[in-house]
Every structure is written in structure tokens, then in C-alpha cells.
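# Structural characterization, general
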Amino acid sequence: RSGRVTHHGRAHPFDMSPVASFPATIRTSALASRRANPIASRASLRATRPVARRSARLATAMAAAVPIMVNDLTGKMGRAVADAVVARGADVCYLVPVAFSGEAKDPVTIGDVAVEIKSIRDGDPGAVLDDLKAKHPGLVVVDYTLPAAVNANADLYVEHAQPFVMGTTGGDRAKLLEDVAASGVPAVIAPQMGKQVVAFQAAMKLMATNFPGAFKGYTLTVTESHQASKVDTSGTAKAIVESFNELGCGFDIKDAVLVRDVPTQIAPIPNGMGVPEEHILGHAFHTYRLTSPDDTVSFEFQHNVCGRSIYAEGTVDACLFLSSKIGEGCASEDCEAEKTLFDMIDVLRDGGMVTN
């Protein structure tokens with residue numbers, strides 16, 4: 001993986017390196033205390049430093065290992081997350097020995113955990129979830145399934161008041177966010193789980209907000225390479241382009257160059273993308289190049305990812321973050337009251353993440 005920003009007057013070679021309310025009893029104690037003496041409560045909060053609050057939350061989250069269920073761990077992304085859960089350590093989190101898939105399959109062994117693969121379409125998946133919640137208090141579910149299953153799966157988690165991290169892209173996103181937010185079920189929903197990539201997106205958005213039109217007149221070109229199975233333009237590229245357009249570029253995302261043919265991907269620079277051959281089936285190489293009207297100045301932004309570990313580690317961080325939020329309510333002066341729907345920016349702001 002590599003990420004680089006360059007600015008110079010000549011071309012730079014690529015460096016490829018559903019919907020029941022969440023039980024109110026979860027928050028009753030904390031809310032009752034604050035309502036009984038709101039003034040003292042607010043004063044106490046103001047006296048507590050943000051770093052101390054974050055440390056306390058992290059200590060609470062780590063007091064007991066967080067049980068994580070990964071659906072569908074028979075897929076490449078799901079498997080990467082399951083591996084990351086096991087690798088993080090049993091004192092921090094552990095893999096629940098049951099997972100949903102489109103159909104029942106043979107058990108899958110991850111580390112020393114034999115995971116039973118159940119069909120989410122057959123039987124009563126809700127009863128399975130309720131049983132797992134009883135056996136594994138504090139359960140957090142991860143969803144890396146299929147775009148067509150996003151809304152139905154979220155409805156299942158919501159109906160059974162099951163906190164979850166949705167890493168699957170696609171589906172009706174507006175409905176997904178609206179339904180989950182209305183339910184009050186704690187969830188992290190984000191199409192991009194790579195922490196450092198999310199930080200880059202946030203930085204670009206911040207620059208666009210503070211310096212609108214800074215690159216007016218500049219020509220933007222966008223090239224992205226992904227595994228051949230990804231036929232559409234990535235959500236990450238779309239988000240970055242939105243920021244560049246706010247900076248004055250006027251780029252149509254339809255003009256992004258999507259490199260999906262293997263020969264061009266593995267060919268060395270300057271004739272190809274320079275993707276390591278062993279990562280052809282799992283990579284994300286993005287280059288955004290800005291050129292001044294007179295061609296004397298150019299800026300180049302790259303984020304190149306090989307494999308899936310950056311997304312898997314970010315997903316585990318999101319699970320630990322969500323675990324620390326379950327039942328917390330609004331326990332600090334700078335949080336949003338009763339906020340239960342989060343994204344990866346929230347995870348980033350909370351800190352305490354591993355570095356990839």
C-alpha cells in the first residue's frame with residue numbers, strides 16, 4: 001500500500017507500492033442519573049477532559065472481549081474480517097462460531113474457531129440471532145454480504161435490536177440510513193472501512209469546505225484500478241471527486257478511467273498501473289491528477305491499496321467502537337444526544353485504533 005501527494009511542474013511516475021425500537025432499558029440508568037440532577041451532571045461533564053473520556057470508554061470496551069459475528073465469512077472480505085478478529089486477540093474480541101450466508105455450507109475454520117455456516121434464507125434467522133445474543137452478551141454483527149441483501153439484512157438486525165457494522169455497499173442507502181436511524185439500534189454504516197482512506201476523504205472535504213474554488217481552471221483526470229469483478233466506479237472516487245468539484249474542477253465522474261483489464265493493471269509504469277500480480281484479485285489503486293491551464297503546475301494525489309487488510313482492520317475497530325457506544329447514550333458534553341447511527345468518521349474521531 002502507498003499513499004502520496006506530490007506537486008510539481010512535470011508528470012510524476014506512479015508509485016504503486018426492520019423496525020422495532022431498541023430497548024430503552026439499555027440507557028435507563030445513565031439517563032435517570034442525569035435527569036435527577038442535570039446541573040451537577042453538566043458541571044461534571046465539563047470538568048472531564050475529552051482524552052479522559054475516550055480513555056474511560058476504551059477501558060470499558062476492553063474490560064470484556066467483544067463477541068463478533070461475521071456475515072458472510074465465506075466471502076473474501078468477510079474472511080479477511082474474520083481473520084482480523086482472531087488476530088486482534090481473544091482478550092479484545094473473539095469470533096462467534098456461527099455465521100450467516102445465502103445458503104448453508106460446510107463449517108469454516110478460522111484460527112482455532114470452527115464456524116457453522118447457516119442459511120439466512122431458511123429456517124428462522126431471527127431466532128438464531130436471539131440465541132447468539134443470549135450466549136454472547138454484547139454481540140456485534142458485521143455484514144459483508146451482497147448489495148441486493150443490504151436492506152433485508154439490516155431489517156433483520158433492527159427487528160432483533162442487534163447492533164451491527166454494515167460494510168456491504170449498494171442497496172437503497174437512503175432507506176437504509178433512514179430506517180436504522182429511526183430504530184435507535186446502534187450501527188456503523190460506511191461504504192469505506194479503510195481508516196486512512198477515510199481520513200484522506202475527510203481531509204479533502206475539509207479543504208473543499210475551507211478553500212472553495214482553489215483549483216478553478218485546473219483540469220482533473222481520475223484513474224482507478226480494481227479487480228475485474230468490480231465493474232462500477234468506486235464510492236471512494238465519487239466522494240473525492242465531489243470535493244475536487246467544490247474546489248472548482250468541474251469533473252464529470254463518468255469521465256473517470258476504470259482500469260479493469262489485467263494486462264494493463266500489471267504492466268509496469270508508464271505503460272500500465274504496476275499492480276503486483278499477487279494482488280490482481282484484490283486491490284484499489286486511485287490517482288487524481290490536477291493540471292494548471294498553462295500546463296506548468298500539476299498536483300497528484302494517490303492512494304494505492306493491495307489486499308483487504310486495511311478494510312478488515314478498520315471493520316474490527318468499528319466493532320470495538322460500537323461496543324463502547326452500546327447503552328452509553330449522551331454521556332459527554334460534545335456528543336449528539338442519543339446518537340446511535342455512526343460512520344467511519346466517528347470511529348476515526350474516537351481514536352484508539354490500530355494502525356494498519
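Above this note sits the structure.
Positions within a chain are numbered from 1, following the residues in the order the chain's sequence is written. Local features in this predicted model are restricted to residues whose pLDDT is 70 or higher, and side-chain atom pairs enter the listing and the counts only when it is 80 or higher, whereas totals over whole chains, interfaces and linings include all residues. Water and hydrogen atoms play no part in the side-chain values, which are based on all heavy atoms of the structure.

### Brief notes about the sheet that holds strand β3 (residues 93-95)
- Strand order across the open sheet formed by six strands is β3-β2-β7-β8-β9-β14, with parallel pairing between neighbours. Where the open sheet ends on each side, the last strands, each with one partner, are β3 and β14 (341-342).
- If DSSP finds at least two bridges between two strands, the strands pair. The helix and strand labels rest on DSSP assignments: H or I over at least four residues marks a helix, E over at least two residues marks a strand, and numbering proceeds from the N terminus. As judged from the two bridges shared by strand β9 (residues 187-189) and β14, these two strands associate in the parallel manner. From the neighbouring strand, A187 faces β14, where its bridge partner is L341.
- In the packing of helix α4 (residues 76-88) onto the sheet, the strands contacted are β2 (66-71), β3 and β7 (140-143), and the crossing angle to β3 comes to about 135 degrees. In this description, contact between two residues means that some pair of their heavy atoms is separated by no more than 4.5 Å. Between the N-to-C directions of two axes lies an angle of 0 to 180 degrees, each axis being a line fitted to C-alpha atoms and, for a helix, fitted only over the stretch in contact.

### Remarks on the sheet that holds strand β6 (residues 113-119)
- Spatial ordering of the open sheet is given by β4-β6-β5, a layout of three strands whose pairing is mixed. Strands at the two margins of the open sheet, each flanked by one partner only, are β4 (98-101) and β5 (105-110). Recorded for the sheet is a direction-independent mean angle of 35 degrees between the axes of neighbouring strands.
- When β5 meets β6, the two strands line up antiparallel, connected through four bridges.

### Examining the side chain of D72
- One can find D72 in the loop between β2 and α4.
- Residue D72 is classed as buried on the basis of its relative accessible area of 12%.
- Those residues in contact with D72 that lie beyond four places of it in its chain are G78, F100, S101, G102, K105, Y144 and T145. Burial here depends on accessible area, computed with a 1.4 Å probe over protein chains only, as a share of the maximum for the residue type. Under 20% is buried, over 50% is exposed, and the range in between is partly exposed.

### Concerning the side chain of T223
- Along the polypeptide, T223 turns up in strand β10 (residues 219-226).
- Judged by relative accessible area, which is 18%, T223 ranks as buried.
- Once residues within four sequence positions are removed from consideration, T223 is found in contact with V257, V259, M273, F285, H286 and T287.

### Examining the packing of aromatic side chains
- For this analysis, a ring pair means two rings from Phe, Tyr or Trp (six-membered ring only for Trp) whose centres lie within 6.5 Å, classed as stacked if their planes differ by under 30 degrees, edge-to-face if by over 60, and tilted for the remaining angles. What the rule picks out here adds up to eight aromatic pairs.
- Through successive ring pairs, a cluster of aromatic residues spans F200, F244, Y288 and F301.

### Some points on the packing of helix α8 (residues 195-210) against helix α11 (residues 309-325)
- Running from amino to carboxyl end, α8 crosses α11 at an angle of 85 degrees, the nearest separation of the two axes being 8 Å. One finds that α8 runs roughly perpendicular with respect to α11. Across the interface between the two elements, K195, Q196 and V197 of α8 pack against I310, E313, G314 and D317 of α11.
- Looking at the contact of α8 with α11 residue by residue, the class counts come to two nonpolar, two polar and three charged. If an angle is under 35 degrees, it is roughly parallel; if it is over 145, roughly antiparallel; if it lies from 65 to 115, roughly perpendicular; otherwise it is oblique. Each residue is assigned to one class: nonpolar for Ala, Val, Leu, Ile, Met, Phe, Trp, Tyr, Cys and Pro, charged for Asp, Glu, Lys and Arg, and polar for all the others, Gly among them.

### Thoughts on the pairing of β10
- Along β10, six of the eight residues are buried, which leaves the element largely enclosed by surrounding structure.
- As paired strands, β10 and strand β12 (residues 283-291) are joined by eight bridges and run antiparallel to one another. What sits directly across from S225, in β12, is F285.
- Examined bridge by bridge, β10 and strand β11 (residues 257-259) share three bridges and lie parallel to one another. When the bridges of β11 are listed, S225 appears paired with V259.
- Orienting the strands away from the viewer, one traces the path from the first strand over the helix to the second; a clockwise path indicates a right-handed crossover. Handedness of the β-α-β unit built from β10, helix α9 (residues 235-246) and β11 comes out right-handed.

### A word on the state of the cysteines
- The disulfide definition used here is simple: a pair of cysteine sulfur atoms within 2.5 Å. Under the criterion given, the structure shown has zero disulfides.
- With no disulfide of its own, C319 lies 7.8 Å from the sulfur of C93, the closest cysteine sulfur.

### Points about the packing of α4 against α11
- In the contact formed by α4 and α11, the axes pass within 8 Å of each other and the chain directions differ by 60 degrees. Between α4 and α11, the crossing angle belongs to the class labelled oblique. As for the relative orientation of α4 and α11, their crossing is right-handed in sense. Facing α4, whose interface residues are M77, A80, V81, A84, V85 and R88, α11 presents Y311, A312, E313, T315, V316, D317 and L320. Handedness of a crossing follows from how the near helix is turned relative to the far one, being left-handed for an anticlockwise turn of less than a right angle and right-handed for a clockwise one.

### With respect to the environment of G235
- For G235, the position within the fold is in helix α9.
- For the pair G235 and G170, spaced 65 residues apart in sequence, the C-alpha to C-alpha distance is 9.7 Å.

### Some remarks on the nonpolar core
- Put simply, a nonpolar core is a bunch of buried Ala, Val, Leu, Ile, Met, Phe, Trp, Tyr and Cys residues held in one set by side-chain atoms that sit within 4.5 Å of each other. With 42 residues, the main nonpolar core has L73, L95, V165 and V188 as its most contacted residues.
- With nine residues, the top contributor of residues to this core is α11.
- Beyond its immediate chain neighbours, meaning those up to four positions away, L95 contacts I68, V70, L73, A82, V85, V86, I110, V113 and V115.

### Regarding unusual backbone geometry
- Cis geometry is adopted by the peptide bond preceding D72, which originates at N71 and carries an omega value of 5 degrees.
- The amide bond that connects I269 to the next residue, P270, takes the cis arrangement and shows omega of 10 degrees.
- Tracing the sequence through the fold places P270 in the loop between α10 (262-266) and β12.
- Residue A161 is not a glycine yet carries a positive backbone phi of 50 degrees.
- Within the secondary structure, A161 is located in the loop between α6 (150-159) and β8 (164-166).

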